[in-house]
Amino acid sequence: MIYLRLFYEFFKAGLFSIGGGLATLPFLYDISDTTGWFTHGQLADMLAISESTPGPIGINMATYVGFTTGGIPGAVIATVGIITPSIIVILLIAKFLQAFRDNKYVKGAFYGLRPASTGLITAAGFSVVMISLVQLDLFRASGSILDLLNWKGLLLAAVIFVSTRLFKKLHPAVFIGASAVAGILFKFAGV
């Protein structure tokens, strides 16, 4: 039964997350809330790992959740679930787009998907910032304004921002690797 649920949840995410891997984040938050398979903090860790590893973010995250939930079969099923809608859509588009390439409704539909995709990616980015830099639970518990922000996270974000501006010629993998090392050294896991 868990395998069917994994396929269903990630099929939904793959079906509606137009715009790439970050657009899957709102759906992953929903999966977290409805299934309890992982916490929002674990989702932030999954995002960091998925960003750092080769391959599409959404597929990496689906594979990770599937593996932690159902082992290797779960990883395969969640991955197949998230890519199946794309395969179906691409096959349909390949079949019919040639005939409707210049149709104003088709052009309008693709044009209309742009703001939806932008909104999903913006919401995902906002969620990542909130998880990484804001500590609402700690603030609510203590009432101290100093506990509202994750100072280590803010410092790391500032260092990365300045570094990327000063060392523009460095490959992005250098910054990803340095961030991973900083995360391990300063114990950023489970933010």
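Before any of the text, the structure's been laid out above.
Remember, it's a predicted structure, so these values are computed and weren't measured experimentally. (Residues numbered from 1 in each chain as written. Predicted model: local features only at pLDDT ≥ 70, side-chain atom pairs only at ≥ 80, totals over all residues. Heavy atoms only, no water.)

## A word on the packing of helix 3 (residues 40–52) against helix 4 (residues 57–100)
Where helix 3 contacts helix 4, the two axes come as close as 9 Å, and the packing angle between them is 125°. Looking at the two axes, helix 3 sits oblique to helix 4. Relative to helix 4, the crossing made by helix 3 is right-handed. Mapping the contact onto sequence places Leu43, Met46, Leu47, Ser50 and Glu51 in helix 3 and Ile57, Asn60, Met61, Tyr64 and Val65 in helix 4. Class assignment of the residues belonging to the contact of helix 3 with helix 4 gives a composition of seven nonpolar, two polar and one charged. (Axes fitted to C-alpha atoms, helices over the stretch in contact; angles between N-to-C directions. Helix = DSSP H or I, 4+ residues; strand = E, 2+ residues; numbered from the N terminus. Parallel < 35°, antiparallel > 145°, perpendicular 65-115°, else oblique. Left-handed = near helix turned anticlockwise from the far one by under 90°. Contact = heavy atoms within 4.5 Å. Nonpolar A, V, L, I, M, F, W, Y, C, P; charged D, E, K, R; others polar.)

## Overview of the nonpolar core
Counting residues in each nonpolar core, the largest one holds 20 residues, and the members touching the most others are Phe10, Leu25, Leu28, Phe38, Leu43, Met46 and Met61. Broken down by secondary-structure element, the contributors of at least two residues to this core are helix 1 (2–16), helix 2 (25–35), helix 3, helix 4 and helix 5 (104–133). At six residues, helix 4 tops the list of elements feeding residues into this core. (Core = buried A, V, L, I, M, F, W, Y, C linked by side-chain atoms within 4.5 Å. Buried < 20%, exposed > 50% of the residue type's maximum accessible area, 1.4 Å probe, protein only.)

## What about the packing of aromatic side chains?
Within this structure, the stated rule accounts for one aromatic pair. A centroid spacing of 5.7 Å and a plane angle of 25° characterise the contact between Phe7 and Phe11, whose relative ring orientation is stacked. Placement of the pair is Phe7 and Phe11 together in helix 1, with a separation of four residues, close to one helical turn. The partly exposed category is assigned to Phe7, whose relative accessible area is 29%. Residue Phe11 is classed as partly exposed on the basis of its relative accessible area, which comes to 24%. (Phe/Tyr/Trp six-rings, centres within 6.5 Å; stacked < 30°, edge-to-face > 60°.)

## Points about the side chain of Asn60
Take Asn60: it is sitting in helix 4. We classify Asn60 as buried; its relative accessible area is 18%. With sequence-adjacent residues up to four places away left out, Asn60 is seen in contact with Ser50, Thr53, Pro54 and Gly55.

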